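The primary structure of each chain is shown beneath.
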Amino acid sequence: MNSSTTVLLETVNFAAEKHRSQRRKDVEGTPYINHPIGVARILSHEGGIVDIEVLQAALLHDTVEDTDTSIAELEITFGPTVARIVQEVTDDKTLPKQERKRLQVEHAPHCSQQAKLVKLADKLYNLRDLNRCTPTGWTAERVQEYFVWGSLVIRGLKGTHPAIEEKLEALFKQRGIQL
Ligand SMILES: Nc1nc2c(ncn2[C@@H]2O[C@H](COP(=O)(O)OP(=O)(O)O)[C@@H](OP(=O)(O)OP(=O)(O)O)[C@H]2O)c(=O)[nH]1
């Protein structure tokens, strides 16, 4: 087994342990880990991304925001680059939700290329998931609002990865949203 395979298995195992008790908001209660794995797969399978640190950051991207993981722990375990990418895509959960959403739009254009890739794939996964099924308790208006807000974030990432952006653009178009 080559070393990048070992590294990726260590990373996915770490993420799975951290998210082990969490579920997605869909009616089936899909295991949360399906999301970070899916985000990493979009980057590798659909985006052709081979930068191992980007794929690791995709697998870990919600560990700091949603579990007891710290950036220092990621730095010790996976190194400074992976920790920095995760930091860039982590919302400050102490802020009110609307402020967090506003900051994502404001910060997106200033992220590193590596963090922009993770953000693109994260949004593509979540928007596809919304088309697949509506999270418990969400109205059609809330779904549409998420699409509109997502389009504002994605607008700030233009030029990061044209092929992934085209897929996002098609999803927005179906909802009547112009990028
Ligand atoms: N579409 C969908 N999303 C789900 C589901 N389960 C959990 N989520 C998560 O919910 C978040 C979006 O819901 P919101 O109400 O807007 O945000 P909040 O959870 O932070 O309050 C996303 O988090 P996030 O990763 O922080 O992304 P983002 O808000 O930064 O885009 C998404 O990953 C599901 O079944 N379907």
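Shown above is the structure to which this text applies.
Let me sum up the structure you'll find in this document. (Residues numbered from 1 in each chain as written. Predicted model: local features only at pLDDT ≥ 70, side-chain atom pairs only at ≥ 80, totals over all residues. Heavy atoms only, no water.)

Turning our eyes to something else, we now look at the overall build of the protein chain. A tally of regular secondary structure across the protein chain gives 10 helices and 0 strands. Among the 179 residues that make up the protein chain, the fraction classed as buried is 49%. Of all intrachain contacts in the protein chain linking residues separated by at least 6 positions in sequence, the fraction that spans at least 24 positions is 68%. Here the protein chain has roughly 9,200 Å² of accessible surface; of this, 53% comes from carbon and sulfur atoms. Placing the 23 positive and 25 negative side-chain charges of the protein chain at their respective mean positions leaves the two points 5 Å apart. (Helix = DSSP H or I, 4+ residues; strand = E, 2+ residues; numbered from the N terminus. Buried < 20%, exposed > 50% of the residue type's maximum accessible area, 1.4 Å probe, protein only. Contact = heavy atoms within 4.5 Å. Areas by Shrake-Rupley, 256 points an atom, 1.4 Å probe, with all protein chains shown as cover. Lys, Arg positive; Asp, Glu negative; His and termini not counted. Charge placed at Lys NZ, Arg CZ, Asp CG, Glu CD.)

What surrounds the ligand is a group of 21 residues, the closest being Lys25, Lys97, Lys101, Arg142 and Tyr146. Take aspartate 62: an N or O atom from its side chain is 3.4 Å from an oxygen atom of the ligand. One nitrogen or oxygen atom from the side chain of arginine 142 is found 2.4 Å from an oxygen atom belonging to the ligand. Here the ligand, which alone exposes 680 Å², has 90% of that area covered by the protein. A majority-of-atoms criterion places the ligand in the largest pocket. Residue assignment for the shell around the ligand shows that the elements contributing at least two residues are helix H7 (97-107), helix H8 (113-132) and helix H9 (140-155). Examining the composition of the shell around the ligand, we find that 5 residues originate from one element, H8, more than from any other. Of the residues contributing to the shell around the ligand, the split by class is 6 nonpolar, 3 polar and 12 charged. (Near = heavy atom within 4 Å. Polar contact = N/O pair within 3.5 Å; in protein donor to acceptor, adjacent residues only side chain to side chain. 1 Å grid on protein atoms, 1.4 Å probe; cavity = no way out; pocket = protein on both sides within 12 Å on 5 of 7 lines; lining within 4 Å. Sits in = over half its atoms within 2 Å of the grid points. Nonpolar A, V, L, I, M, F, W, Y, C, P; charged D, E, K, R; others polar.)

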